[in-house]
Amino acid sequence: MVDQSFILENTAVIAPPHVPEIALHLADEAHDLWHRTEEELGEIGLPPPFWAFAWAGGQGLARYVLDNPQVVRGLRVLDFASGSGLVAIAAAKSGARKVVAADIDPIAAHAVSLNASANGVSLVFTGDDLIGTDGDWDVVLAGDVFYDKQFADRLVPWFTQLKERGATVLVGDPGRSYLPKQGLEAVATYQVPVTRVLEDSEVKQTTVWRLA
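The structure presented is a predicted model; accordingly, all values stated were derived computationally and were not measured.

Trainee: I'm lost on the nonpolar core in this one. Help?
Mentor: The nonpolar side chains of soluble globular proteins are, as a tendency, buried together. Ranked by internal contacts, the top residues of the largest apolar core, which has 36 residues, are Ile22, Val72, Val77, Ala91, Val99, Leu123 and Leu141. Among residues more than four places away in sequence, those in contact with Ala91 are Val65, Val72, Val77, Ala96, Val99 and Leu141. Counting 23 residues, the second largest nonpolar core, distinct from the first, contains Leu78, Ile131, Ala142 and Ala152.

Trainee: Sorry, what's going on with helix α4 (residues 56–67) here?
Mentor: Each full turn of the α-helix corresponds to 3.6 residues, which orients residues three or four apart in the same direction. With 12 residues, α4 extends 16 Å between its outermost C-alpha atoms, agreeing within 8% with the 16 Å of an ideal straight helix rising 1.5 Å per residue. Across the 12 residues of α4, 11 count as buried, placing the element largely inside the fold. Residues of α4 that are buried include every one of Ala56, Gly57, Gly58, Gln59, Gly60, Leu61, Ala62, Arg63, Tyr64, Val65 and Leu66, and no others. Those residues of α4 that are buried lie in contact with α5 (86–93), β6 (139–143), β7 (168–173), β8 (184–193) and β9 (203–211).

Trainee: I tried to follow the packing of aromatic side chains on my own but got confused; where do I start?
Mentor: Aromatic ring pairs: the centre-centre distance and the angle between the two ring planes describe each pair. Evaluation of the coordinates by the stated rule reveals 11 aromatic pairs. Considering the side-chain rings of Phe80 and Phe159, the 6.3 Å spacing of their centres and the 90° angle between planes classify their relative orientation as edge-to-face. With Phe80 in strand β3 (residues 76–80) and Phe159 in helix α7 (residues 149–164), the pair connects residues that are 79 residues apart, well separated along the chain. By the burial criterion, Phe80 is buried, and Phe159 matches it. Aromatic side chains Trp137 and Trp158 sit 6.3 Å apart centroid to centroid with 85° between the ring planes, which places their arrangement in the edge-to-face category. In this pair, Trp137 is assigned in the loop between β5 (124–126) and β6 and Trp158 in helix α7, connecting sequence segments 21 residues apart. When its relative accessible area of 2% is taken as the criterion, Trp158 is described as buried. Ring pairs connect the aromatic residues Phe50, Phe53, Trp55, Phe80, Trp137, Phe146, Tyr147, Phe151, Trp158 and Phe159, which therefore count as one cluster.

Here is what the cut-offs are and how they apply
Residues numbered from 1 in each chain as written. Predicted model: local features only at pLDDT ≥ 70, side-chain atom pairs only at ≥ 80, totals over all residues. Heavy atoms only, no water. Core = buried A, V, L, I, M, F, W, Y, C linked by side-chain atoms within 4.5 Å. Buried < 20%, exposed > 50% of the residue type's maximum accessible area, 1.4 Å probe, protein only. Contact = heavy atoms within 4.5 Å. Helix = DSSP H or I, 4+ residues; strand = E, 2+ residues; numbered from the N terminus. Expected span 1.5 Å × (residues − 1). Phe/Tyr/Trp six-rings, centres within 6.5 Å; stacked < 30°, edge-to-face > 60°.

As structure tokens, this is what we get:
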């Protein structure tokens, strides 16, 4: 059974380059987890460790929240597909009243807990699939979620429904293939340093979009 000890053994505490205010337990070249393929992880029963990396979309969205704390201050916030908890931590640091970090990967629960503690913030974690639900959130944050067509097709109507009832929906995206082509307003653009192991370049132009 994977627990916090697995994360501690396979990561180091690292500040993502675009969000140096936040420290996360992340995989790097010194750890076996970094070098294992998705197939190798599947053989030992582990889903892809999205929680072990600071993805460009999440870094850009976290940067925007930290630089614009009024977006979340005093509000109820959902960080959807939270992974490491980076964006949720940024919201908590920016004064959100309550932050829910949601991710269906059970290992992410341990990662988010460790990372929240490392940054001195309090988060609520849920492993439920929240698509189609409404937790009365004021703000919904989603970093790097439009990488898969089937997933995107489920997200767009849900995000639209939340926006139409009054929630602010913000998406951080570095040019993924299935980002919607309409209904979005750009609010910030960043050049985010990333690793060539994960991406096709060392810097990804990342835009924060608001559903309009």
